[in-house]
Amino acid sequence: VRADAEWAREVRALAEERDAVLLAHNYQLPEIQDVADHTGDSLALSRIAASSTASTIVFCGVHFMAETAKILSPDKTVLIPDARAGCSLADSITAEQLRAWKAEFAERTGTPPVVVSYVNTTAEVKAETDVCCTSSNAVDVVRSVPADRDVLFCPDQFLGAHVKRETGRENLHVWAGECHVHAGINGPELAERAAADPDADLFIHPECGCATSALYLAGEGTVAEERVKILSTGDMLTAARSTGARSVLVATEVGMLHQLRKAAPEIDFRAVNDRASCRYMKMITPAALLRCLREGADEVDVPADVAERARASVERMIAIGA
Ligand code: 13P
Ligand code: SF4
(Lines give C-alpha, C1' and ligand atoms only; values in the text may rest on other atoms or scores of the structure.)
(Ligands and ions follow the chains in the order given, each with its own letter.)
Protein backbone atom coordinates (compact mmCIF):
# COMPACT_ATOMS: atom_id res chain seq x y z
CA VAL A 1 0.00 0.00 0.00
CA ARG A 2 1.41 3.37 -1.04
CA ALA A 3 0.64 6.27 1.24
CA ASP A 4 -0.39 8.51 -1.68
CA ALA A 5 -3.24 11.00 -2.08
CA GLU A 6 -5.70 8.25 -2.99
CA TRP A 7 -4.79 6.33 0.18
CA ALA A 8 -5.27 9.47 2.26
CA ARG A 9 -8.69 10.11 0.66
CA GLU A 10 -9.81 6.56 1.40
CA VAL A 11 -8.58 6.79 5.00
CA ARG A 12 -10.45 10.05 5.52
CA ALA A 13 -13.66 8.73 3.88
CA LEU A 14 -13.64 5.52 5.94
CA ALA A 15 -12.98 7.49 9.12
CA GLU A 16 -15.98 9.66 8.39
CA GLU A 17 -18.17 6.63 7.68
CA ARG A 18 -17.22 5.17 11.05
CA ASP A 19 -17.60 8.49 12.89
CA ALA A 20 -13.99 7.98 13.93
CA VAL A 21 -11.39 10.45 15.14
CA LEU A 22 -7.82 9.53 14.13
CA LEU A 23 -5.16 10.18 16.77
CA ALA A 24 -1.45 9.77 16.03
CA HIS A 25 1.47 9.87 18.45
CA ASN A 26 4.49 12.02 17.56
CA TYR A 27 6.52 8.82 16.92
CA GLN A 28 4.27 7.55 14.13
CA LEU A 29 5.39 7.37 10.50
CA PRO A 30 5.13 10.83 8.84
CA GLU A 31 2.30 9.73 6.51
CA ILE A 32 0.25 8.47 9.47
CA GLN A 33 0.83 11.73 11.35
CA ASP A 34 -0.23 13.73 8.29
CA VAL A 35 -3.49 11.86 7.72
CA ALA A 36 -4.57 11.99 11.41
CA ASP A 37 -6.98 14.50 12.91
CA HIS A 38 -4.62 15.13 15.82
CA THR A 39 -0.98 14.39 16.55
CA GLY A 40 0.58 14.87 19.94
CA ASP A 41 2.30 13.47 22.99
CA SER A 42 0.65 10.90 25.23
CA LEU A 43 -0.91 13.43 27.59
CA ALA A 44 -2.36 15.60 24.83
CA LEU A 45 -3.79 12.57 23.04
CA SER A 46 -5.32 11.24 26.28
CA ARG A 47 -7.03 14.58 26.78
CA ILE A 48 -8.35 14.65 23.21
CA ALA A 49 -9.56 11.05 23.51
CA ALA A 50 -11.42 11.94 26.71
CA SER A 51 -13.15 14.97 25.25
CA SER A 52 -13.83 13.82 21.68
CA THR A 53 -17.46 13.48 20.59
CA ALA A 54 -16.67 10.85 17.92
CA SER A 55 -18.12 7.40 18.67
CA THR A 56 -14.89 5.64 17.56
CA ILE A 57 -11.29 6.43 18.39
CA VAL A 58 -8.63 5.06 16.06
CA PHE A 59 -5.38 5.18 18.02
CA CYS A 60 -2.27 5.24 15.85
CA GLY A 61 0.23 4.57 18.58
CA VAL A 62 1.01 1.67 20.88
CA HIS A 63 -1.33 -0.57 22.84
CA PHE A 64 -1.15 1.12 26.25
CA MET A 65 -2.19 4.42 24.64
CA ALA A 66 -5.26 2.84 23.06
CA GLU A 67 -6.05 1.16 26.39
CA THR A 68 -5.84 4.54 28.13
CA ALA A 69 -8.34 5.95 25.64
CA LYS A 70 -10.67 3.01 26.34
CA ILE A 71 -10.32 3.46 30.11
CA LEU A 72 -11.37 7.11 29.73
CA SER A 73 -14.17 6.42 27.26
CA PRO A 74 -15.60 2.96 28.01
CA ASP A 75 -18.64 3.55 25.81
CA LYS A 76 -16.61 4.39 22.71
CA THR A 77 -15.18 1.88 20.28
CA VAL A 78 -11.38 2.08 20.42
CA LEU A 79 -9.40 0.64 17.52
CA ILE A 80 -5.66 0.21 17.02
CA PRO A 81 -4.38 -0.69 13.54
CA ASP A 82 -2.18 -3.47 14.96
CA ALA A 83 -2.78 -4.83 18.47
CA ARG A 84 0.74 -6.30 18.51
CA ALA A 85 2.16 -2.79 18.85
CA GLY A 86 3.38 -3.15 22.43
CA CYS A 87 6.00 -1.27 24.45
CA SER A 88 9.18 -2.57 26.06
CA LEU A 89 8.80 -0.04 28.88
CA ALA A 90 5.22 -1.12 29.69
CA ASP A 91 6.51 -4.71 29.70
CA SER A 92 9.06 -3.88 32.38
CA ILE A 93 6.56 -4.10 35.27
CA THR A 94 3.55 -6.37 35.80
CA ALA A 95 0.60 -5.75 38.14
CA GLU A 96 1.82 -8.63 40.27
CA GLN A 97 5.28 -7.10 40.64
CA LEU A 98 3.76 -3.73 41.56
CA ARG A 99 1.46 -5.34 44.16
CA ALA A 100 4.44 -7.13 45.71
CA TRP A 101 6.53 -3.91 45.76
CA LYS A 102 3.72 -1.97 47.48
CA ALA A 103 3.10 -4.72 50.03
CA GLU A 104 6.78 -5.13 50.86
CA PHE A 105 7.17 -1.36 51.27
CA ALA A 106 4.06 -0.96 53.47
CA GLU A 107 5.16 -3.83 55.68
CA ARG A 108 8.66 -2.43 56.12
CA THR A 109 7.65 1.18 56.82
CA GLY A 110 4.22 0.71 58.39
CA THR A 111 2.64 3.24 55.96
CA PRO A 112 1.19 2.57 52.50
CA PRO A 113 3.20 4.40 49.79
CA VAL A 114 1.68 6.52 47.02
CA VAL A 115 2.14 4.86 43.62
CA VAL A 116 2.86 7.10 40.63
CA SER A 117 2.99 5.22 37.32
CA TYR A 118 3.98 6.49 33.93
CA VAL A 119 1.19 6.02 31.37
CA ASN A 120 3.53 3.59 29.60
CA THR A 121 2.00 0.75 31.64
CA THR A 122 -0.75 -1.83 31.15
CA ALA A 123 -4.31 -1.18 32.35
CA GLU A 124 -3.72 -3.75 35.14
CA VAL A 125 -0.74 -1.75 36.43
CA LYS A 126 -2.78 1.49 36.24
CA ALA A 127 -5.46 -0.25 38.33
CA GLU A 128 -2.82 -0.67 41.10
CA THR A 129 -1.76 2.99 40.79
CA ASP A 130 -2.80 6.10 42.73
CA VAL A 131 -1.96 8.61 40.01
CA CYS A 132 -0.56 8.25 36.51
CA CYS A 133 1.75 10.72 34.80
CA THR A 134 3.34 11.32 31.43
CA SER A 135 6.74 12.77 30.68
CA SER A 136 5.18 16.24 30.42
CA ASN A 137 3.55 16.32 33.86
CA ALA A 138 5.57 13.78 35.92
CA VAL A 139 7.26 16.49 38.01
CA ASP A 140 3.93 18.23 38.77
CA VAL A 141 2.26 14.93 39.62
CA VAL A 142 4.99 13.98 42.10
CA ARG A 143 4.89 17.51 43.58
CA SER A 144 1.14 17.05 44.16
CA VAL A 145 1.89 14.21 46.60
CA PRO A 146 2.30 15.48 50.20
CA ALA A 147 6.03 15.80 50.95
CA ASP A 148 5.94 13.38 53.88
CA ARG A 149 4.51 10.47 51.86
CA ASP A 150 6.81 7.91 50.25
CA VAL A 151 6.33 7.62 46.49
CA LEU A 152 6.87 4.48 44.44
CA PHE A 153 7.56 5.56 40.87
CA CYS A 154 7.39 3.09 37.98
CA PRO A 155 8.41 1.80 35.54
CA ASP A 156 11.00 4.12 33.94
CA GLN A 157 14.25 4.60 35.87
CA PHE A 158 15.46 7.51 33.76
CA LEU A 159 12.22 9.49 34.01
CA GLY A 160 12.28 8.62 37.72
CA ALA A 161 15.81 10.00 38.06
CA HIS A 162 14.73 13.18 36.23
CA VAL A 163 11.77 13.67 38.58
CA LYS A 164 13.98 13.03 41.59
CA ARG A 165 16.47 15.68 40.41
CA GLU A 166 13.72 18.21 39.73
CA THR A 167 11.79 17.70 42.96
CA GLY A 168 14.77 16.91 45.20
CA ARG A 169 12.63 14.25 46.90
CA GLU A 170 14.57 11.68 48.88
CA ASN A 171 11.42 9.63 49.48
CA LEU A 172 10.89 8.86 45.78
CA HIS A 173 11.67 5.21 45.04
CA VAL A 174 12.20 4.27 41.43
CA TRP A 175 11.56 0.97 39.60
CA ALA A 176 14.41 -0.17 37.35
CA GLY A 177 12.50 -0.36 34.03
CA GLU A 178 13.51 1.22 30.74
CA CYS A 179 12.50 1.76 27.12
CA HIS A 180 14.93 -0.03 24.83
CA VAL A 181 14.81 2.77 22.25
CA HIS A 182 15.55 5.66 24.62
CA ALA A 183 18.00 3.69 26.76
CA GLY A 184 19.93 3.00 23.54
CA ILE A 185 20.65 6.68 22.95
CA ASN A 186 23.89 6.79 24.87
CA GLY A 187 25.97 9.43 26.57
CA PRO A 188 29.22 9.12 24.55
CA GLU A 189 27.25 9.48 21.31
CA LEU A 190 25.53 12.60 22.66
CA ALA A 191 28.82 14.06 23.91
CA GLU A 192 30.42 13.55 20.50
CA ARG A 193 27.53 15.18 18.62
CA ALA A 194 27.31 18.06 21.06
CA ALA A 195 31.05 18.74 20.82
CA ALA A 196 30.84 18.79 17.01
CA ASP A 197 27.99 21.32 17.05
CA PRO A 198 28.75 23.81 19.85
CA ASP A 199 25.83 26.13 19.06
CA ALA A 200 23.11 23.49 18.86
CA ASP A 201 20.39 23.09 21.48
CA LEU A 202 19.96 19.60 22.96
CA PHE A 203 16.35 18.40 23.19
CA ILE A 204 16.39 15.29 25.35
CA HIS A 205 13.42 13.09 26.26
CA PRO A 206 13.55 12.16 29.97
CA GLU A 207 13.32 8.44 29.09
CA CYS A 208 16.86 8.70 27.68
CA GLY A 209 19.78 7.32 29.64
CA CYS A 210 21.85 10.15 28.15
CA ALA A 211 19.92 12.85 30.09
CA THR A 212 22.33 12.36 32.99
CA SER A 213 25.32 12.63 30.63
CA ALA A 214 23.95 15.88 29.17
CA LEU A 215 23.65 17.40 32.65
CA TYR A 216 27.14 16.18 33.41
CA LEU A 217 28.48 17.85 30.23
CA ALA A 218 26.74 21.08 31.29
CA GLY A 219 28.14 20.74 34.81
CA GLU A 220 31.72 20.45 33.58
CA GLY A 221 31.23 23.28 31.09
CA THR A 222 31.52 21.24 27.85
CA VAL A 223 28.00 22.29 26.92
CA ALA A 224 26.34 25.56 27.94
CA GLU A 225 23.76 24.81 30.60
CA GLU A 226 20.96 26.68 28.83
CA ARG A 227 21.37 24.47 25.75
CA VAL A 228 20.31 21.32 27.61
CA LYS A 229 16.51 20.93 27.58
CA ILE A 230 14.88 17.83 29.02
CA LEU A 231 11.44 17.74 27.43
CA SER A 232 8.46 15.54 26.62
CA THR A 233 7.69 15.21 22.91
CA GLY A 234 4.93 17.82 23.15
CA ASP A 235 7.18 20.24 25.01
CA MET A 236 9.88 19.78 22.34
CA LEU A 237 7.43 21.24 19.83
CA THR A 238 6.71 24.22 22.04
CA ALA A 239 10.45 24.77 22.60
CA ALA A 240 11.17 24.48 18.85
CA ARG A 241 8.88 27.42 18.17
CA SER A 242 10.69 29.71 20.58
CA THR A 243 14.36 28.67 20.60
CA GLY A 244 16.79 31.00 18.94
CA ALA A 245 19.09 28.09 18.00
CA ARG A 246 19.80 27.36 14.34
CA SER A 247 20.33 23.67 14.95
CA VAL A 248 18.97 21.22 17.48
CA LEU A 249 20.20 17.75 18.42
CA VAL A 250 17.23 15.57 19.27
CA ALA A 251 17.47 12.63 21.65
CA THR A 252 14.25 10.67 21.30
CA GLU A 253 12.50 8.33 18.85
CA VAL A 254 13.18 9.54 15.31
CA GLY A 255 9.48 9.92 14.39
CA MET A 256 9.59 13.15 16.39
CA LEU A 257 11.69 14.88 13.74
CA HIS A 258 8.69 15.13 11.40
CA GLN A 259 6.60 17.40 13.67
CA LEU A 260 9.68 19.38 14.72
CA ARG A 261 10.61 20.12 11.11
CA LYS A 262 7.04 21.13 10.35
CA ALA A 263 6.89 23.40 13.40
CA ALA A 264 10.20 25.17 12.68
CA PRO A 265 11.39 24.57 9.09
CA GLU A 266 14.23 27.05 9.48
CA ILE A 267 15.94 24.96 12.19
CA ASP A 268 18.26 22.06 11.36
CA PHE A 269 16.96 19.19 13.53
CA ARG A 270 19.23 16.14 13.77
CA ALA A 271 18.83 12.89 15.66
CA VAL A 272 21.48 12.11 18.27
CA ASN A 273 21.00 8.47 17.25
CA ASP A 274 19.27 7.93 13.91
CA ARG A 275 18.73 4.24 14.69
CA ALA A 276 16.42 5.18 17.57
CA SER A 277 13.30 3.88 15.90
CA CYS A 278 10.55 2.10 17.87
CA ARG A 279 9.53 -1.03 16.01
CA TYR A 280 6.20 -1.07 17.87
CA MET A 281 5.29 2.44 16.77
CA LYS A 282 6.24 1.55 13.21
CA MET A 283 3.84 -1.42 13.14
CA ILE A 284 1.14 1.14 12.38
CA THR A 285 1.72 1.13 8.62
CA PRO A 286 -0.45 2.72 5.92
CA ALA A 287 -1.76 -0.80 5.09
CA ALA A 288 -2.56 -1.53 8.73
CA LEU A 289 -4.50 1.73 9.09
CA LEU A 290 -6.53 0.99 5.97
CA ARG A 291 -7.35 -2.53 7.16
CA CYS A 292 -8.30 -1.17 10.58
CA LEU A 293 -10.79 1.27 9.10
CA ARG A 294 -12.22 -1.22 6.61
CA GLU A 295 -12.64 -4.09 9.08
CA GLY A 296 -13.11 -2.27 12.39
CA ALA A 297 -10.12 -4.14 13.85
CA ASP A 298 -8.17 -4.50 16.08
CA GLU A 299 -10.60 -3.55 18.81
CA VAL A 300 -9.14 -2.70 22.22
CA ASP A 301 -11.04 -3.78 25.29
CA VAL A 302 -10.30 -3.44 29.00
CA PRO A 303 -12.30 -5.56 31.49
CA ALA A 304 -14.81 -3.29 33.28
CA ASP A 305 -13.44 -3.88 36.81
CA VAL A 306 -9.83 -3.15 35.74
CA ALA A 307 -10.93 -0.09 33.76
CA GLU A 308 -12.85 1.29 36.71
CA ARG A 309 -9.86 1.05 39.05
CA ALA A 310 -7.49 2.39 36.42
CA ARG A 311 -9.76 5.32 35.52
CA ALA A 312 -9.28 7.13 38.83
CA SER A 313 -5.49 7.20 38.39
CA VAL A 314 -5.70 8.39 34.78
CA GLU A 315 -8.29 11.06 35.57
CA ARG A 316 -6.10 12.42 38.37
CA MET A 317 -3.24 12.65 35.86
CA ILE A 318 -5.37 14.52 33.31
CA ALA A 319 -6.33 17.05 35.97
CA ILE A 320 -2.70 17.87 36.90
CA GLY A 321 -0.31 20.11 34.94
CA ALA A 322 0.22 20.07 31.21
P1 13P B 1 5.58 11.43 25.38
O2 13P B 1 4.78 11.30 26.66
O3 13P B 1 6.58 12.49 25.45
O4 13P B 1 4.66 11.48 24.23
O5 13P B 1 6.47 10.13 25.20
C6 13P B 1 5.88 8.94 25.31
C7 13P B 1 6.63 7.80 24.79
O8 13P B 1 7.79 7.58 24.94
C9 13P B 1 5.80 6.94 24.08
O10 13P B 1 6.47 5.85 23.81
FE1 SF4 C 1 7.54 2.08 24.40
FE2 SF4 C 1 9.94 3.05 23.98
FE3 SF4 C 1 8.43 2.46 21.92
FE4 SF4 C 1 7.82 4.56 23.48
S5 SF4 C 1 9.60 4.33 22.17
S6 SF4 C 1 6.41 2.99 22.71
S7 SF4 C 1 8.47 3.83 25.46
S8 SF4 C 1 9.21 1.01 23.41
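Residues numbered from 1 in each chain as written. Chains lettered and ligands numbered in written order. Predicted model: local features only at pLDDT ≥ 70, side-chain atom pairs only at ≥ 80, totals over all residues. Heavy atoms only, no water.

K.L.:
Would you mind going over helix 12 (residues 233–242) with me for this structure?
P.N.:
Residue pairs spaced three or four apart in an α-helix point in one direction, given the helix's 3.6 residues per turn. Among the residues of helix 12, those classed as buried are T233, G234, M236, L237, A239 and A240. Residues of helix 12 that are buried make contact with strand 1 (20–25), strand 9 (201–204), strand 11 (247–251), helix 13 (256–263) and strand 12 (268–271). (Buried < 20%, exposed > 50% of the residue type's maximum accessible area, 1.4 Å probe, protein only. Helix = DSSP H or I, 4+ residues; strand = E, 2+ residues; numbered from the N terminus. Contact = heavy atoms within 4.5 Å.)

K.L.:
Help me out: how do you make sense of the state of the cysteines in this one?
P.N.:
Here a disulfide denotes one covalent bond, and it connects the sulfur atoms of two cysteines. By the definition in use, this model includes zero disulfides. Cysteine C60 shares no disulfide, and the gap to the nearest cysteine sulfur, in C292, comes to 7.1 Å. Cysteine C133 remains unbridged, with the sulfur of C132 as its closest cysteine sulfur at 7.4 Å. (Disulfide = S-S within 2.5 Å.)

K.L.:
Please explain empty space enclosed by the protein as it appears in this structure.
P.N.:
Any empty space left between the atoms is revealed when a probe the size of a water molecule rolls over them. Per the stated rule, a full pass over the model turns up two cavities of 30 Å³ or more. In this model, the largest cavity occupies a volume close to 230 Å³. Along the walls of the largest cavity sit 28 residues, with Y27, N120, H182, E207 and M281 positioned nearest its centre. Among the elements of the structure, helix 3 (42–51), helix 4 (63–72) and helix 9 (180–183) are those that each provide at least two residues to the lining of the largest cavity. A total of three residues in the lining of the largest cavity trace back to one element, the largest contributor, which is helix 9. Each residue belonging to the lining of the largest cavity can be placed in one class, and the counts come to 13 nonpolar, 12 polar and three charged. Estimates place the volume of the second largest cavity at around 30 Å³. (1 Å grid on protein atoms, 1.4 Å probe; cavity = no way out; pocket = protein on both sides within 12 Å on 5 of 7 lines; lining within 4 Å. Points joined across faces, edges and corners; volume = space filled by probe spheres on them. Nonpolar A, V, L, I, M, F, W, Y, C, P; charged D, E, K, R; others polar.)

K.L.:
Hey, could you run me through the packing of helix 3 against helix 4 in this one?
P.N.:
Two measures define how a pair of helices packs: the angle their axes make with one another and the distance between the axes. Two elements in contact, helix 3 and helix 4, have axes separated by 9 Å at closest approach and are oriented at 35 degrees. In the packing of helix 3 onto helix 4, the handedness of the crossing is right-handed. Counting all contacts with helix 3, which are made through S42, S46, A49 and A50, the residues of helix 4 involved are M65, T68, A69 and L72. For the contact of helix 3 with helix 4, the per-class residue count stands at five nonpolar, three polar and no charged. (Axes fitted to C-alpha atoms, helices over the stretch in contact; angles between N-to-C directions. Left-handed = near helix turned anticlockwise from the far one by under 90°.)

K.L.:
What should I look at first to understand unusual backbone geometry in this one?
P.N.:
Most peptide bonds are trans, and most residues other than glycine sit at a negative phi. A cis amide bond links C154 to the next residue, P155, at an omega of -10 degrees. By the secondary structure assignment, P155 is in the loop between strand 7 (151–154) and helix 8 (157–167). Of the consecutive residues A297 and D298, the connecting peptide bond is found in the cis state with omega at 5 degrees. Its location among the elements puts D298 in the loop between helix 14 (286–295) and helix 15 (304–319).

K.L.:
Would you mind going over the sheet that holds strand 12 with me for this structure?
P.N.:
What holds strands together in a sheet is hydrogen bonding between their backbones, with the strands either parallel or antiparallel. The strand order 10-9-11-12 describes an open sheet built from four strands, whose pairing is parallel. Looking at which strands have only one partner, the edges of the open sheet turn out to be strand 10 (228–230) and strand 12. Neighbour-to-neighbour, the strand axes of the sheet open up by a mean angle of 25 degrees, direction not taken into account. Sitting on the sheet, helix 10 (residues 187–196) touches strand 9, strand 11 and strand 12, and the angle it makes with strand 9 is about 155 degrees. Sheet strands in contact with helix 12 are strand 9, strand 11 and strand 12, and its direction is about 165 degrees off that of strand 9. (Pairing = 2+ DSSP bridges.)

K.L.:
Looking at this structure, I do not really get the environment of G40. What am I missing?
P.N.:
With respect to the element layout, G40 can be found in strand 2 (residues 38–40). For G40, a relative accessible area of 6% corresponds to the buried category. Sequence-wise, G40 and R227 are 187 residues apart; in three dimensions their C-alpha atoms are separated by 24 Å. Once residues lying within four places of it in the same chain are set aside, the contact partners of G40 are A24, H25, N26 and L45.

K.L.:
Help me understand the packing of helix 4 against helix 15, please; the structure alone is not making it clear to me.
P.N.:
Between helix 4 and helix 15, whose axes approach to 9 Å, the crossing angle comes to 100 degrees. When the interaxial angle is binned, helix 4 and helix 15 end up roughly perpendicular. Seen from helix 4, the contacting residues are T68, I71 and L72; seen from helix 15, they are A307, A310, R311, V314, E315 and I318. Classifying every residue of the contact of helix 4 with helix 15 gives six nonpolar, one polar and two charged. (Parallel < 35°, antiparallel > 145°, perpendicular 65-115°, else oblique.)

K.L.:
Looking at this model, I keep getting lost on the site of ligand 2. Mind explaining?
P.N.:
Around ligand 2, the neighbouring residues are V62, C87, S88, N120, C179, H180, H182, E207, C278 and M281. Under a 2 Å grid-point criterion requiring more than half of the atoms, the pocket assigned to ligand 2 is the largest cavity. Its residues placed into classes, the shell around ligand 2 shows five nonpolar, four polar and one charged. (Near = heavy atom within 4 Å. Sits in = over half its atoms within 2 Å of the grid points.)

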